[in-house]
Amino acid sequence: MSGPIRYALLAFALLAGVVSAAAQQQEDEIFRPNDGRRRRSRLSMEWNVQAGATLSEYSAHGTTAEIAPKAGYHFSMAIGMLFHPNFAVVPELRFSHAAFDMTGRAGGSSSVKGNTLDFPIRFEGRILRGRLRFYAGPAFTLMDKYRFSYGGSTEEGMRIRPTVTYVAGIAGVPVRRMTVDVRFNGQFNRTEQIYGWRAADPDYAEYRLGIYGFSVSIGYLF
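Okay, so let's go over this structure. All values derive from a computational prediction rather than experimental measurement.

Thoughts on the environment of Gly172
- Among the structural elements, Gly172 can be located in strand β7 (residues 164-175).
- Note: C-alpha distance between Gly172 and Arg133 (39 residues apart in sequence) is 5.9 Å.

Focus: the side chain of Asn48
- Structurally, the position occupied by Asn48 is in strand β1 (residues 45-61).
- On the accessibility criterion, Asn48 (12% relative accessible area) is buried.
- A polar contact is formed between the side chain of Asn48 and the side chain of Thr179, at a distance of 3.3 Å.
- Once you skip the residues sitting within four places of it in the chain, Asn48 turns out to touch Ser76, Met77, Ala78, Thr179, Gly219, Tyr220 and Leu221.

Regarding the environment of Thr163
- The residue Thr163 is located in the loop between β6 (153-158) and β7 in this model.
- Through-space distance from the C-alpha of Thr163 to that of Gln187 is 9.3 Å; in sequence the pair is 24 residues apart.
- The residues touching Thr163, leaving out its near neighbours within four places in the chain, are Ala139, Phe140 and Thr141.

Some details on the nonpolar core
- Formed by 18 residues in total, the largest nonpolar core has its most connected members in Tyr58, Ile67, Phe100, Met102, Ile160, Tyr195 and Leu209.
- Ranked by the residues each element gives to this core, the list is headed by strand β10 (residues 205-221), at 4 residues.
- When near neighbours in sequence (up to four residues on either side) are disregarded, Tyr58 contacts Ile67, Pro69, Ala98, Phe100, Leu209, Gly210 and Ile211.

Considering the packing of aromatic side chains
- For the structure shown, the criterion picks out 9 aromatic pairs.
- Seen from their ring centres, Tyr166 and Phe184 are 6.2 Å apart, and the 45° between their planes marks the pair as tilted. In this pair, Tyr166 sits in strand β7 while Phe184 sits in strand β8 (residues 178-187), placing the two residues 18 residues apart along the sequence.
- An aromatic cluster is built from Tyr166, Phe184, Phe188 and Tyr212, whose rings are joined through pairwise contacts.
- Of note, Arg122 hangs over the ring of Tyr135, and the distance from its end group to the ring centre comes to 4.6 Å.

A look at the environment of Tyr58
- As for its position among the elements, Tyr58 is in strand β1.
- As a C-alpha pair, Tyr58 and Phe100 span 42 residues in sequence and 8.7 Å in three-dimensional space.

Each value, and the rule that gives it
- Residues numbered from 1 in each chain as written.
- Predicted model: local features only at pLDDT ≥ 70, side-chain atom pairs only at ≥ 80, totals over all residues.
- Heavy atoms only, no water.
- Helix = DSSP H or I, 4+ residues; strand = E, 2+ residues; numbered from the N terminus.
- Buried < 20%, exposed > 50% of the residue type's maximum accessible area, 1.4 Å probe, protein only.
- Polar contact = N/O pair within 3.5 Å; in protein donor to acceptor, adjacent residues only side chain to side chain.
- Contact = heavy atoms within 4.5 Å.
- Core = buried A, V, L, I, M, F, W, Y, C linked by side-chain atoms within 4.5 Å.
- Phe/Tyr/Trp six-rings, centres within 6.5 Å; stacked < 30°, edge-to-face > 60°.
- Lys NZ or Arg CZ within 6 Å of the ring centre and 35° of its normal.

Written as structure tokens, this is what we have:
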């Protein structure tokens, strides 16, 4: 089992335990129990702002180039539309910064860094009075701009991510209004990339780039 996946499973288990304990000790809740009368929920919509760290893994099929990822960061805003005490649809706008270094087959080094703006749509199931939430859904890449530096030259506007990816994760409200989110971001297909500038470059290679990410966020619910 790879490192990021092992860390994700450990974080999932830890978050579930913390939120379960908090839900048993606190009386306030997102939805009040139904008292037998037809009424609207106390909150039909909620907003959440978050920020945190992201660790991504990259794989290059078709070349022997090595990739060394760096820790990134992100921040986001989400709107939760609560259709039921146990179900919500959550559109989100998420900005991310990522970077990694590559070493070509001939030993040439390069640096890649850039920003992404994603639009995930999360379908969320909730338990423990809304304090523990499991979700999954598609994510649409609205902006994908990276800078690729190699051999003393730099190219701006490089795209490395597919248009549609997916997210899955677990979120919780361990204390009033504070949220903690652990997320996996994967992709359905790889993107075609080129290492180097010209076919005559010793490191030149055409390859297919795979990306998946693991992130942890802390936020505020209002």
